[in-house]
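What the coordinates show
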There are 4 protein chains.
Amino acid sequence: MQKLTEQAKGVYIISATPFTDSGELDLASADTLTDFYLEKGVDGITILGILGEAHKLTEEETEQFMQRVLTRVNGRVPVIVGVSHPSHRHVERLAKKAMACGAAGVMLAPAPNLKTDPQVENYFLTIGELLGPDIPLCLQDYPQSTGVYTSVPVMLRLIEALPQLVMLKHEELSGMGKLSQLRRQSAERGLRRISILVGNGGLFLPQELARGADGAMTGFAWPEMLVQVCRAYAEGDATRGEDIFDRYLPLLRHEFQYGIGLALRKETLRRRGAIQHARVRPAGPALDQNDLDELTGLIDRLKQKLQQGGVQ
Amino acid sequence: MQKLTEQAKGVYIISATPFTDSGELDLASADTLTDFYLEKGVDGITILGILGEAHKLTEEETEQFMQRVLTRVNGRVPVIVGVSHPSHRHVERLAKKAMACGAAGVMLAPAPNLKTDPQVENYFLTIGELLGPDIPLCLQDYPQSTGVYTSVPVMLRLIEALPQLVMLKHEELSGMGKLSQLRRQSAERGLRRISILVGNGGLFLPQELARGADGAMTGFAWPEMLVQVCRAYAEGDATRGEDIFDRYLPLLRHEFQYGIGLALRKETLRRRGAIQHARVRPAGPALDQNDLDELTGLIDRLKQKLQQGGVQ
Amino acid sequence: MQKLTEQAKGVYIISATPFTDSGELDLASADTLTDFYLEKGVDGITILGILGEAHKLTEEETEQFMQRVLTRVNGRVPVIVGVSHPSHRHVERLAKKAMACGAAGVMLAPAPNLKTDPQVENYFLTIGELLGPDIPLCLQDYPQSTGVYTSVPVMLRLIEALPQLVMLKHEELSGMGKLSQLRRQSAERGLRRISILVGNGGLFLPQELARGADGAMTGFAWPEMLVQVCRAYAEGDATRGEDIFDRYLPLLRHEFQYGIGLALRKETLRRRGAIQHARVRPAGPALDQNDLDELTGLIDRLKQKLQQGGVQ
Amino acid sequence: MQKLTEQAKGVYIISATPFTDSGELDLASADTLTDFYLEKGVDGITILGILGEAHKLTEEETEQFMQRVLTRVNGRVPVIVGVSHPSHRHVERLAKKAMACGAAGVMLAPAPNLKTDPQVENYFLTIGELLGPDIPLCLQDYPQSTGVYTSVPVMLRLIEALPQLVMLKHEELSGMGKLSQLRRQSAERGLRRISILVGNGGLFLPQELARGADGAMTGFAWPEMLVQVCRAYAEGDATRGEDIFDRYLPLLRHEFQYGIGLALRKETLRRRGAIQHARVRPAGPALDQNDLDELTGLIDRLKQKLQQGGVQ
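One numbering rule holds for all chains: residues counted from 1, following each sequence as written. As they are written, the chains are lettered A onward and the ligands numbered 1 onward, keeping that order. Residue-level local features of this predicted model are given only where pLDDT is at least 70; pairs of side-chain atoms are given and counted only at 80 or more, and the full residue set underlies all totals for whole chains, interfaces and linings. Think of the side-chain values as coming from all heavy atoms in the structure, minus any hydrogens and water.

Taking an unreviewed UniProt entry as the reference, chain A is identified by name as Dihydrodipicolinate synthase family protein belonging to Gibbsiella quercinecans. Turning to chain A, the UniProt annotation filed under Sequence similarities (unreviewed entry) states: "Belongs to the DapA family." UniProt positions are given in the numbering used here, feature names are shortened, and annotations may be inferred rather than shown by experiment.

1. A word on the UniProt feature "binding site: pyruvate" (unreviewed entry) in chain A
Residues and elements named next belong to chain A. Residues given the UniProt feature "binding site: pyruvate" (unreviewed entry) here are Met217. The helix and strand labels rest on DSSP assignments: H or I over at least four residues marks a helix, E over at least two residues marks a strand, and numbering proceeds from the N terminus. Note on placement: Met217 falls in the loop between β8 (215-216) and α9 (223-234). Those residues within four positions of Met217 in sequence are excluded, and the remaining contacts are Tyr12, Ile14, Thr46, Ile80, Met107, Cys138, Met167, Lys169, Leu197, Val198 and Gly199. Residues are treated as being in contact if the distance between any of their heavy atoms lies within 4.5 Å.

2. So, the relation of the copies chain C and chain D
The fit set for superposing copies consists of C-alpha atoms from residues with pLDDT of at least 70 in both; the fit itself is least squares. Of the two same-sequence chains, chain C is brought onto chain D (RMSD 0.0 Å, axial shift 0.0 Å) by a rotation of 180°. What the rotation and shift describe, once combined, is the action of a two-fold rotation axis. The position closest to the rotation axis in chain C is occupied by the C-alpha of Leu249(C), lying 3.8 Å away. Interface overlap between copies: 100% of the residues of chain C at the interface are likewise at the interface in chain D, consistent with a symmetric, same-surface contact.

3. Overview of the sheet that holds strand β4 (residues 105-108) of chain A
All names here are of chain A. Two strands qualify as a pair provided DSSP detects at least 2 bridges between them. Read around the closed barrel, eight strands run β1-β2-β3-β4-β5-β6-β7-β8, paired in parallel fashion. Bridge count between strand β5 (residues 137-141) and strand β6 (residues 165-170): five bridges; the pairing is parallel. Bridge pairing in β6 places Gln140 opposite Lys169. Inter-axis angles, ranging from 0 to 180 degrees, are taken between N-to-C directions of lines fitted to C-alpha atoms, where helices are fitted over the stretch in contact. Contacts from helix α7 (residues 176-188) reach β5, β6 and β7 (195-198) within the one sheet, and its direction differs from that of β7 by about 170°.

4. Section: the environment of Leu168(D)
Residues and elements named next belong to chain D. Inspection of the secondary structure puts Leu168 in strand β6 (residues 165-170). It is 9.7 Å that separates the C-alpha atoms of Leu168 and Leu108, two residues lying 60 residues apart in sequence. In contact with Leu168, other than residues within four places in its own chain, are Cys138, Leu139, Asp141, Met155, Leu182, Ile194, Ser195, Ile196 and Leu197.

5. Focus: the pairing of strand β3 (residues 79-82) of chain B
All names here are of chain B. Exposure categories follow from relative accessible area, calculated using a 1.4 Å probe and restricted to protein chains: below 20% of the type maximum is buried, above 50% is exposed, and the middle band is partly exposed. Where burial is concerned, the two faces of β3 agree: the one with Val79 and Val81 and the one with Ile80 and Gly82 are both buried. Across three bridges, the pairing between strand β2 (residues 44-47) and β3 is parallel. By the bridge assignment, Ile47 is partnered in β3 with Val81. By convention a crossover is right-handed if, when the strands point away from the viewer, the path from the first strand over the helix to the second runs clockwise. Since β2 and β3 lie parallel, the crossover through helix α2 (residues 59-73) that links them has a hand, and here it is right-handed. Direction of pairing for β3 relative to strand β4 (residues 105-108): parallel, over a ladder of three bridges. When the bridges of β4 are listed, Gly82 appears paired with Met107. Tracing the backbone out of β3, into helix α3 (residues 88-100) and back to the parallel element β4 gives a crossover that is right-handed.

6. Side note on the pattern of salt bridges
Where side chains of opposite charge bring their charged atoms close, a pairing between them can arise. Salt bridges are defined as contacts in which a side-chain nitrogen from Lys or Arg sits within 4 Å of a carboxyl oxygen from Asp or Glu. This model, assessed by the stated rule, comprises 123 salt bridges over all chains. In this structure, the salt-bridge partner of Glu24(C) is Arg89(A), at a minimum N-O distance of 3.2 Å. On the criterion of chain membership, the pair formed by Glu24(C) in the loop between β1 (10-14) and α1 (27-39) and Arg89(A) in helix α3 (residues 88-100) is interchain, its members lying in two chains. Taking relative accessible area as the criterion, Arg89(A) reaches 26% and is therefore assigned partly exposed. A salt bridge links Arg265(B) to Glu255(B), with the shortest nitrogen-to-oxygen separation between them at 2.9 Å. Taken together, the residues Arg265(B) in helix α11 (residues 260-271) and Glu255(B) in helix α10 (residues 238-255) connect sequence positions ten residues apart. Comparing Arg265(B) with Glu255(B) shows no difference in burial state: the two are buried. The structure contains a network of salt bridges with shared partners spanning Glu242(A), Asp243(A), Asp246(A), Arg301(B) and Lys305(B).

Encoded structure:
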């Protein structure tokens, strides 16, 4: 398997982890979900992320799911594996297992309770040393979930110190100024230009692409939109990109809701035939009839717009 | 002045507080801003809210601004005054001052550090007793800012205990399920139906109106959209409401950004002629050229859509 | 093995989890540590608690450690096993494994992100149903770590609804008023009197025993103090209890420090011969020479006081 | 009035703000409280701190209290005035007012919501520039209350950039390692040695003095202990210092409780004749009979120890 590099761009979809209605790992749906993502044209897949219910899997389930997806992808696109954990030993164990199974790289959010720049920097330097230079690293900057803030100077020092740090998943809210600063200061200091993919459900994707992002890494259940928007921007056609984006924005904003968002995403994937069951493992959100009808209405509106718009 | 009642509905715009470029209170802009809101058709105005920089005003400025707006409005629509403060005495002082100046009611968020249902309930019961039954109360439920969560059972008990509680400003994220539960359980128990206006910049306004909200209380710099959407829903035309909403959604989502959102809102109001200066008092966000250009692009796209769409 | 009941009292020591200097699970030290606790006269042992580095163990290590301690204890005192986890399935899996291995009961803190009384209550009701009435439950109320607050009314309702809820580990800071209210309201309503053991390192142990606590569940590295203080109070000799407590208070307060406290505790246990190595798995605190010397000084002072005081 | 310098040491007591039982500012008690502190031998007084209920005063009350204390002190010891506020303009207004009234310097905690090292550094640089070099500054590092963490590198850069920064109030929990690092790295880089006074109720005072603190700035209601301990350490007699400290530790730890601590402190000051009423302005804690009796017991024990010990 080819390893992740700074040249990565486009859409790295954050994969859901499908379960049966009784809550068992649904490996058959892992196959169909992988196929769905590939058909929609994603450039890579990220599994076992913070919102992928990774912390609700047993060690055996983690390994089963990872191997199933990697086998199904079969090298067609790079697969990144989330390895965030409060224990250094677990990070190391998971990262080495992932690479041995054929992952292209690993994604790591900082452990909780890091408060100052030196603490955050030391955390990544320590893990970087532990994993060694051969495991490509995507740093996940997601303070809304971790409570940890990574400043631009820390990012720049890490880019200098860790050659294996090839990608940033940028999802600080609101962090568009930070994205611009990072690109500008990195260029001014002549540092490596790493890949930056954006999260937050893609809520600011057009603006972020215009500010120097290379693509998106998020789990929006209509990945074809992300793909088309990234392509439009890559081809220099921002207007087309925004036009496509705006059509999906009502649904994108709807999925963005904290808590219930994951359930909406899985339900949408189920309706689109990508997985068999929309089950979220508890403790986790469940949808009521109101939520389901509301989602139906929003999807119907999207379909009408797509028919009218002649796009897609 | 007529007092706020449970029948309140439509758009209660959250007013910005304008400053000059040197940071002084800009009372001339208070007039033009009030005129702007009234011209756009708002049903009420809320001043000195959490995001209205109320905590950056001196006591004298607070009173000056309040009197200026109330004088300008001159009874045409109800004005609600934000009175949230960690000290009970300040809440009382501000509320009585506001009512004496002609406010229709006051808005109150819970003091910080309330953790359990009994603590939240006791807080509002205590303040309710302190202010007495003659000051209409809007409870602001905004846990993203206050850190305090108000459960549905607490809301129901407060509706029973405090006749002066006539309005809820609902802006828990994501709280649409809560809104539905509140309406349903309140009806099942035969309680008074209070007015519920929604915040969060209006990000979920159509869905919330469908779930039983009576309108919006938020500061979006294009109040005419909020007004039209609320009217469409009031007239039973949800499709028209959503069509109008969707046109503005890219800008609405853009303003929704934490931190920088207030600066974007004031800059938009400035460009629309509502205020003279976009100044935010520090500590507060400032816009760079990138931010300004980005905003220009989004506003241009809105104008194009409005021309094409034939709406507005 | 006898199961945990409401009659539990005295000292349930929170056991550390010993590691070798290279970070491997140190099962030989698990034996000596268990012996140490039993020699000091503890009435029970709680393993795999929040501060016991449970989240840094693999599933295999968890099982190995649990079985080793249970075998060593061999029924002489009840052993409680911590089973807190964000996933309901893990809680169930761990709890059933623990009981199968001979645990007397399980300890459960609420999953994170529960905000309101109904959410907290529902969490425990759901888990209570999942585990069934045959697994005795100790509810851990530790909001400084979990961010979740359990009100007195919720506790009372849970005592009524869940017969298997036999113990509360009370460690809200500052929560002495809550402890008094819980005892009083529970008695007024004629509810079962459950066992309440206190945490927070025992920082307020004498006051809490006077307010109706039945003992301590904490990991202070001088368990003999906790034992003697609880016995003194049980025998009605509060003055003797406070005298003993005060001698150890400088060290107790020192261990109480967030973060570094765990490292100080393990180092003390090492010096006292209870474990071979003071290792804390990273990410976790490490002691420098300054810290070690400071601890030496405090321990020397304790020893002098004990010699002078003629107690112990 | 002489201005605050880096040579400041000993005890700067954090003054309570006394109210009458009806909640009015009690200026007569401000006099007796000031006398009480001076009689106990404090080296300075800090008024209007975070825990001094400063945010519950009107602007007029703030000025009245400040002037009353400054008049009563009459230059005998330096008085520091707390000026923390989310608005830069308020900080400036309060600081200039305080200096005009005869304060020796001002104390400033960072505004909330600062997350990264550059944000914290910029905050203090901005305020430093706003206030100018003539207003001596004490930086309050109290992340438990502000949520803002100030790293050692930021402190060092601020010491270099702001000559008026002469004092650090150190009360990060647990921050003893940080205190040692700050002293060591400041010396290694040849920076000015600023005054460091410690907070947290003095819970770790002996250890902190040994690590290079110059004294305490906290509101413990037995200031004579703080004074004696600081003197003992200044005279090189750590053992005497710790002996004195240990006698008061049960009470000190008791006052340290979050929330209720302020009420206990005021009640103790009332019992000692320093103020007329123990009133805390709501929202704030109130003591019940249980709390009052418990406090009586702890004070009685202290008095017995002091009689036996022959100290003081």
